[in-house]
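Descriptive analysis of the structure
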Amino acid sequence: MKPIHALAMPTLGVALLCLPLAAGAQETDPDTGLVKAEGWETVRNNCTACHSAKLVTQNSGSRNHWQYLIRWMQDTQGLWEFQAETEATILDYLAEYYGPKEDTRRPALPRTLMPDNPYPTVADSG
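Residues numbered from 1 in each chain as written. Predicted model: local features only at pLDDT ≥ 70, side-chain atom pairs only at ≥ 80, totals over all residues. Heavy atoms only, no water.

**Considering helix 5 (residues 84-97)**
- In a regular helix each residue adds 1.5 Å, so 14 residues correspond to 20 Å; helix 5 covers 20 Å between its end C-alpha atoms and thus fits that length.
- In this structure, the buried side of helix 5 is in contact with helix 2 (40-47), helix 3 (54-57) and helix 4 (63-76). (Helix = DSSP H or I, 4+ residues; strand = E, 2+ residues; numbered from the N terminus. Expected span 1.5 Å × (residues − 1). Contact = heavy atoms within 4.5 Å.)

**Section: the confidence of the model for the chain**
- Averaged over the chain, the pLDDT score is 83; the fraction of residues at 70 or greater is 75%.
- In the predicted structure, residues 18-23 sits below a pLDDT of 50 and forms 0 contacts with residues beyond four places in sequence or in another chain. (pLDDT = per-residue confidence, 0-100.)

**Comments concerning the packing of helix 4 against helix 5**
- Closest axis-to-axis distance for the helix 4/helix 5 pair is 9 Å, and the angle between their directions is 130 degrees. Between helix 4 and helix 5, the crossing angle belongs to the class labelled oblique. In this structure, the crossing between helix 4 and helix 5 has a hand that is right-handed. For the pair helix 4 and helix 5, contact is made by Arg 63, Trp 66, Gln 67, Ile 70, Arg 71 and Gln 74 and by Glu 87, Ala 88, Ile 90, Leu 91, Asp 92, Leu 94 and Ala 95, respectively.
- Here the contact of helix 4 with helix 5 is built from residues that sort into 7 nonpolar, 2 polar and 4 charged. (Axes fitted to C-alpha atoms, helices over the stretch in contact; angles between N-to-C directions. Parallel < 35°, antiparallel > 145°, perpendicular 65-115°, else oblique. Left-handed = near helix turned anticlockwise from the far one by under 90°. Nonpolar A, V, L, I, M, F, W, Y, C, P; charged D, E, K, R; others polar.)

Here is the structure:
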């Protein structure tokens, strides 16, 4: 029984180490790249009618940002008006899976590391 026990413990350890990785993985649609989760088909059906899903998957933003983009597309690009439930589903999905990302931009450089500005500024005009 000792040889089985010797194999079981390392196998269990490897399985437990992989568990968080599998739990955090999100399945994506191979055709669009969208995360397969509640609402993804509504997003696919409405958003990819006019543009590539890459326009969604490469961007991120708050619920308000996504709503702003929808309004902009409605005002300027001919996007149709959504039923309230459809819009809520789209916004819920986008905010959850394509919400604001942490640490996607580097912090601003300190002024001491910035080159001198060769152009006159309001402060220079006195």
